[in-house]
Amino acid sequence: MPTHQQASATATDHARGGITLRGVCKTYGAGEAAVHALTDIDLDIAPGELVAVLGASGSGKTTLLNVVGGIEAADSGSIVVAGQDISGSHPASLGGFRRAHVGFVFQFFNLISTLTARENVEVIMELTGRGDRRKAPELLAAVGLSDRAEHFPAQLSGGQQQRVSIARALATDPNLLLADEPTGALDVATGRGVLGLLQQTSRAGRGVVMVTHNEVAAKIADRVVRMRDGRVVSSDVNAEPADAATIRW
Ligand code: ADP
Ligand code: MG
């Protein structure tokens, strides 16, 4: 009986954005040129956890995020995200998985330059068939951009563009928000605002995985995962996550 309860709890947890990786490997290239981007990764992330993945450049952070989000295939190992086993699935076949579960925030925003902030948010809802495009203004208001909805990316600061990209990632109401160096291109004050949004997203019950090389940004996380040379070298619960508004670097 306890076993059964545990099993169903796990299924529910995963449905809200939990992640379990076992023995995940990914190598780019072959022979002399082979790069072992991920080696034997075991990782458990609870649903709703705000996770910071720290590591030097080239340690495998982006590859980890891409494999979890189903935009790159691992070579081997088991990957279960939001209750779905995506091990061995080709990214081209994972559109449904991504639409149902995952929002991406990219380091350099990746907004469409010919669309306004509002249209950038709307277009993802149209493409995925998820979310109500009439909610775009509300999503932009939530990231503090009500007065910038009709601006084009070129008319927005870096921080404002990153906030549009967060509104876009949240537009489909994903279980899991994956953010790759979301503050990498931002000044401290703007970066703090973006971290605040990620923390708010996590507190609303979504899983958030943030890749960063900024030790200070990681202070807001519930769990800190450290990578080195394609391996997870530690995964620790942070007993006292800092409030994003209070951190400085
Ligand atoms: P990080 O995000 O921590 O900087 P990455 O996950 O981007 O690290 O890269 C891990 C390693 O894999 C690096 O050595 C990088 O050069 C290599 N790599 C990443 N993507 C590719 C690719 N598409 N082809 C070949 N090598 C790659
Ligand atoms: Mg990277």
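The structure displayed is predicted, hence computed values, not measured ones. (Residues numbered from 1 in each chain as written. Chains lettered and ligands numbered in written order. Predicted model: local features only at pLDDT ≥ 70, side-chain atom pairs only at ≥ 80, totals over all residues. Heavy atoms only, no water.)

Caption draft 1: Representation of the overall build of the protein chain within the structure. When its secondary structure is counted, the protein chain shows seven helices and ten strands. Against the compact-globule benchmark of 18 Å for 249 residues, the protein chain has a radius of gyration of 18 Å, which places it among compact chains. Viewed in the frame of its principal axes, the protein chain has a C-alpha envelope of about 50 × 40 × 40 Å. Taking as baseline every contact in the protein chain between residues at least 6 positions apart, the subset at least 24 positions apart corresponds to 68%. Only carbon and sulfur atoms are counted for the fraction: they give 51% of the accessible area of the protein chain, which is about 11,400 Å². Within the protein chain, one finds 23 positive and 26 negative side-chain charges whose respective centroids are separated by 3 Å. (Helix = DSSP H or I, 4+ residues; strand = E, 2+ residues; numbered from the N terminus. Rg over C-alpha atoms; globule rule 2.2 N^0.38 Å. Contact = heavy atoms within 4.5 Å. Areas by Shrake-Rupley, 256 points an atom, 1.4 Å probe, with all protein chains shown as cover. Lys, Arg positive; Asp, Glu negative; His and termini not counted. Charge placed at Lys NZ, Arg CZ, Asp CG, Glu CD.)

Caption draft 2: Quick peek at the confidence of the model for the protein chain. On average, residues of the protein chain score 91 in pLDDT, and 94% of them reach the 70 mark or higher. Taking the mean pLDDT of every element in the protein chain, the minimum, 48, falls on helix H1 (residues 2-15) and the maximum, 98, on strand E9 (residues 223-228). Ignoring residues within four places in sequence, the model shows residues 1-9, a span with pLDDT below 50, making zero contacts including any to other chains. (pLDDT = per-residue confidence, 0-100.)

Caption draft 3: How the structure looks around unusual backbone geometry. Positioned with a positive phi, Asp40 is a non-glycine residue whose angle comes to about 50 degrees. Following the sequence through the fold, Asp40 ends up in strand E2 (residues 35-45). Here the phi dihedral of Glu181 falls at roughly 45 degrees; this positive angle occurs in a residue that is not glycine. One can find Glu181 in the loop between strand E7 (176-180) and helix H7 (188-203).

Caption draft 4: Fine view of the nonpolar core. Counting residues in hydrophobic clusters, the biggest one holds 40 residues, and the most contacted among them are Val121, Leu140, Val164, Ile166, Leu195 and Leu198. Looking at this core, the elements that each hand over two or more residues are strand E3 (50-54), helix H4 (117-128), helix H5 (136-142), helix H6 (158-170), E7, H7 and strand E8 (207-212). The greatest single-element share of this core, amounting to five residues, is contributed by H6. Ignoring anything within four residues of it in the chain, the contact list for Val121 reads Ala136, Leu139, Leu140, Val164, Ala167, Arg168 and Ala171. (Core = buried A, V, L, I, M, F, W, Y, C linked by side-chain atoms within 4.5 Å. Buried < 20%, exposed > 50% of the residue type's maximum accessible area, 1.4 Å probe, protein only.)

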